[in-house]
Amino acid sequence: MTAQKTVLVIGGSSDIGHATALRYAQAGWHVALAARDIVAAQRNADDIKARTGVEVTLHPLDVLQTDKLADFAASLPVLPDTVISVIGELGDQTRAESDLAHACQIMRTNFEAPSLLLGLFAQAFQARGSGTIVGVSSVAGDRGRGSNYVYGAAKSGFSQFLSGMRNRMALAGEVRVITVKPGFVRTRMTAHLKLPAPLTVMPERVGADIFHSAEENGREVIYVGRRFWLVMTIICLIPERIFKRLKL
Ligand SMILES: NC(=O)c1ccc[n+]([C@@H]2O[C@H](COP(=O)([O-])OP(=O)(O)OC[C@H]3O[C@@H](n4cnc5c(N)ncnc54)[C@H](OP(=O)(O)O)[C@@H]3O)[C@@H](O)[C@H]2O)c1
């Protein structure tokens, strides 16, 4: 009998984290949820247990308390086989243009904190010789746009961090690093936005794509939904003199 594997989902209160954890539980994995909002994470844990019978453990964590990240990683009862960060905050672009504290929180939440935490797991996985790291970034990181460049720049930094770590880990044996770039996903984060239906997916789709990519040897950089790869390729090809006239 093979030992049950463990996935740690950081951001266990989120819709995408919930759907991803459920996908792992359906495959028989033990699930650990790290979350700041432990009540919401408990709701997700109860739902996963009710649907799959899998036990879910909860681990309180505020990722912005970066001086406590090492203690958090060391305190886990087992080093997970896979760690997934879905941490993020969309924030308010207009407010972030003049409220530096808000801009700083968006930058730290989307870039600094998840990068530092996943970097710690990279060290531990390298020492063990195995492990999979998944970072949920965003298509918003592919090109800075006037409507959300504080969030986008932070996601861009996170994508580049994951890229560099993947490059480094390729020489370190069995450690994989996966970058996930969702486009539009119907979640709490986007509940106030009018999203174009043909380009919008549900969180379950993100969970399924993450599982395939991380555990079934799928690609290491993925767009969810896939049409966004084409959309972002076109957006990245638009010359700057035209791009700056577009209200994107
Ligand atoms: N929805 C989309 O269209 C979309 C598109 C592209 C990328 N993404 C990315 O997908 C990921 C999941 O987003 P979602 O749509 O599922 O939205 P969400 O439900 O708002 O998820 C964001 C998660 O980040 C957590 N978080 C934020 N700051 C934290 C902190 N300081 N400490 C601990 N946890 C913190 C939130 O915890 P709390 O519950 O405590 O606030 C929540 O669990 C994010 O990285 C987001 O940027 C989403």
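My aim in this report is to walk through the structure given alongside it, one point at a time. The structure presented is a predicted model; accordingly, all values stated were derived computationally and were not measured.

What follows is about the site of the ligand. Near the ligand, the surroundings consist of 28 residues, among which Ser13, Ile87, Tyr151, Val185 and Thr187 are the closest. A distance of 3.4 Å is found between an oxygen atom of the ligand and a backbone nitrogen or oxygen belonging to Asp37. In the model, an oxygen atom of the ligand is placed 2.7 Å from a nitrogen or oxygen of the Tyr151 side chain. Of the residues that constitute the shell around the ligand, the class distribution is twelve nonpolar, ten polar and six charged.

Neither face of strand 4 (residues 82-85) is left uncovered, since the one carrying Thr82 and Ile84 and the one carrying Val83 and Ser85 both have all their residues buried. Pairing of strand 4 with strand 5 (residues 130-136), which is carried by four bridges, proceeds in the parallel orientation. Along strand 5, the bridge assignment pairs Ser85 with Gly135.

Our next topic: the nonpolar core. As a rule of thumb, soluble globular proteins bury nonpolar side chains together. The biggest cluster of nonpolar side chains holds 28 residues, and the ones touching the most others in it are Tyr24, Val180, Val206 and Ile210. Per element, the largest residue contribution to this core is five residues, and it comes from helix 1 (residues 15-26). Among all residues touching Ile210, those that are not within four sequence positions of it are Thr20, Tyr24, Ile84, Val134, Val136, Val180, Glu215 and Ile222. Among the nonpolar cores identified, the runner-up in size contains 26 residues, and Ala113, Ile133, Leu162 and Met169 belong to it.

Here we come to helix 6 (residues 149-169). The terminal C-alpha atoms of helix 6 lie 29 Å apart, and with 21 residues this matches the ideal 30 Å at 1.5 Å per residue to within 8%. For helix 6, the full list of buried residues reads Val150, Tyr151, Gly152, Ala154, Lys155, Gly157, Phe158, Ser159, Leu162, Met165, Arg166 and Met169. Those residues of helix 6 that are buried lie in contact with helix 4 (93-96), helix 5 (100-128), strand 5, strand 6 (174-182) and strand 9 (221-224).

For the structure on display, the rule yields ten salt bridges. Put simply, Arg108 and Glu112 hold a salt bridge, and the shortest N to O gap is 2.8 Å. Taken together, the positions of Arg108 and Glu112, both in helix 5 and four residues apart, correspond to about one turn of that helix. When its relative accessible area of 22% is taken as the criterion, Arg108 is described as partly exposed. For Glu240, the salt bridge is made with Arg143, and the minimal N-O distance between the two is 2.6 Å. Here Glu240 is found in helix 9 (residues 240-243), whereas its partner Arg143 is found in the loop between strand 5 and helix 6, with 97 residues between them in sequence. Assessed through its relative accessible area of 13%, Arg143 is described here as buried. When salt bridges with common partners are traced through the structure, they connect Arg205, Asp209 and Arg226 into a single cluster.

Tallying each qualifying case throughout the model produces four aromatic pairs. Ring plane angle 50 degrees and centroid distance 6.1 Å describe the contact between Phe121 and Phe125, whose orientation is recorded as tilted. Note that Phe121 and Phe125 are positioned in helix 5 at a spacing of four residues, about one turn of the helix. Phe125 carries the same exposure label as Phe121, and that label is buried. Centroid distance Phe184 to Phe228: 5.3 Å. Interplanar angle 85 degrees. Geometry classified as edge-to-face. Here the residue Phe184 occupies a position in strand 7 (residues 184-185), and Phe228 occupies one in helix 8 (residues 227-237), the gap between them amounting to 44 residues.

Reading the values: the criteria
Residues numbered from 1 in each chain as written. Predicted model: local features only at pLDDT ≥ 70, side-chain atom pairs only at ≥ 80, totals over all residues. Heavy atoms only, no water. Near = heavy atom within 4 Å. Polar contact = N/O pair within 3.5 Å; in protein donor to acceptor, adjacent residues only side chain to side chain. Nonpolar A, V, L, I, M, F, W, Y, C, P; charged D, E, K, R; others polar. Buried < 20%, exposed > 50% of the residue type's maximum accessible area, 1.4 Å probe, protein only. Helix = DSSP H or I, 4+ residues; strand = E, 2+ residues; numbered from the N terminus. Pairing = 2+ DSSP bridges. Core = buried A, V, L, I, M, F, W, Y, C linked by side-chain atoms within 4.5 Å. Contact = heavy atoms within 4.5 Å. Expected span 1.5 Å × (residues − 1). Salt bridge = Lys/Arg side-chain N within 4 Å of Asp/Glu carboxyl O. Phe/Tyr/Trp six-rings, centres within 6.5 Å; stacked < 30°, edge-to-face > 60°.

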